[in-house]
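Structural overview for review
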Amino acid sequence: MLLVTVLAGCSSSDVGAPTTQSTTPPMSSTTGEPGLDRPRELKIDSVRPCELFTAENREEFKTDRPVKETKDSYFQTQVCHFLGRAEMMTISVNILLGYDMSYFAPTQPPVHTRLLRVHGFPAYEVYVDSEPGRAGCAVNIGVAQGQVLRAQAAEPGRYENPLPQEEVCRRARRAADLAFGNLLARG
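Reference entry: report on the structure contained in this document. Keep in mind that this is a model prediction, so the values were computed, not measured.

Now for the environment of Gln145. Position of Gln145 relative to the elements: it lies in the loop between strand S7 (136-144) and strand S8 (147-154). The partly exposed category is assigned to Gln145, whose relative accessible area is 42%. As for Gln145 and Tyr99, which are separated by 46 residues in sequence, their C-alpha atoms are 8.3 Å apart. Polar contacts involving the side chain of Gln145 include one to the side chain of Asp100, which spans 3.2 Å.

The next point concerns the pairing of strand S2 (residues 68-71). Sheet analysis places S2 next to strand S3 (residues 78-84), joined by four bridges and oriented antiparallel. Residue pairing in the sheet places Glu69 in a bridge with Cys80 of S3. Connecting the antiparallel pair S2 and S3 is a turn made up of six residues, with Gln76 showing a positive phi of about 60°.

If you walk through the whole model with that rule in mind, you get 14 salt bridges. Its salt-bridge partner being Arg186, residue Glu51 comes within 3.1 Å of it at the nearest N-O pair. Placement of the pair is Glu51 in the loop between strand S1 (19-20) and helix H2 (55-60) and Arg186 in the segment after helix H3 (165-185), with a sequence separation of 135 residues. A residue is classified by how much of its surface remains accessible, and Arg186, at 47% relative accessible area, is partly exposed. Through salt bridges with shared partners, a single ionic network connects Lys62, Glu87, Glu167, Arg170 and Arg171.

When a protein is soluble and globular, its nonpolar side chains tend to lie buried together. Counting residues in each nonpolar core, the largest one holds 35 residues, and the members touching the most others are Leu52, Phe53, Ile91, Ile141, Leu149, Phe180 and Leu183. Every element with two or more residues in this core is listed here: S3, strand S4 (89-97), strand S5 (111-118), strand S6 (121-128), S7, S8 and H3. Per-element tally for this core: the top contributor is H3, with nine residues. In contact with Leu183, not counting residues within four places along its chain, are Leu42, Ile44, Val47, Leu52 and Leu149. Grouped together as the second largest cluster of nonpolar side chains are twelve residues, Phe75, Tyr99, Tyr124 and Val128 included.

Rules and cut-offs
Residues numbered from 1 in each chain as written. Predicted model: local features only at pLDDT ≥ 70, side-chain atom pairs only at ≥ 80, totals over all residues. Heavy atoms only, no water. Helix = DSSP H or I, 4+ residues; strand = E, 2+ residues; numbered from the N terminus. Buried < 20%, exposed > 50% of the residue type's maximum accessible area, 1.4 Å probe, protein only. Polar contact = N/O pair within 3.5 Å; in protein donor to acceptor, adjacent residues only side chain to side chain. Pairing = 2+ DSSP bridges. Salt bridge = Lys/Arg side-chain N within 4 Å of Asp/Glu carboxyl O. Core = buried A, V, L, I, M, F, W, Y, C linked by side-chain atoms within 4.5 Å. Contact = heavy atoms within 4.5 Å.

The structure is reproduced here in structure tokens:
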């Protein structure tokens, strides 16, 4: 459960795709912290996490179980789980209210954190060291002051042919890109 609790990496120059932060990030006009500026505040108070993935998105991740929205036991917020039994992969989307980007800021190992940009917004990619078949990775996007959109990929016991950590993080970045892109498309 530590993985789900703590979790919060690939570069691409494609528009909208997650990109790594430069080594000299600009100062933020909203937080005063380097690299955490966002193009605007995008409030997500009334957004349901299951609404942020389309049927096509679910197909891309080969989810084959019914969509399940529950309350996250750690963050005490709504989370939507997209389960793929055939792939032994879970994609989750959380709407985190009352948390800011600083909550996911870099810490000491075994937590690994990397600053990214998703559709121009700041995001921290976070994963912890784990055994093969139990890897997970989350991308936490700072959409507004005190509000974070979180997308996570996890292998819940994929012991046969486990994925490398980088692939699990690539899937988390893709989930973040899709969920946030769908949010932006709503207007």
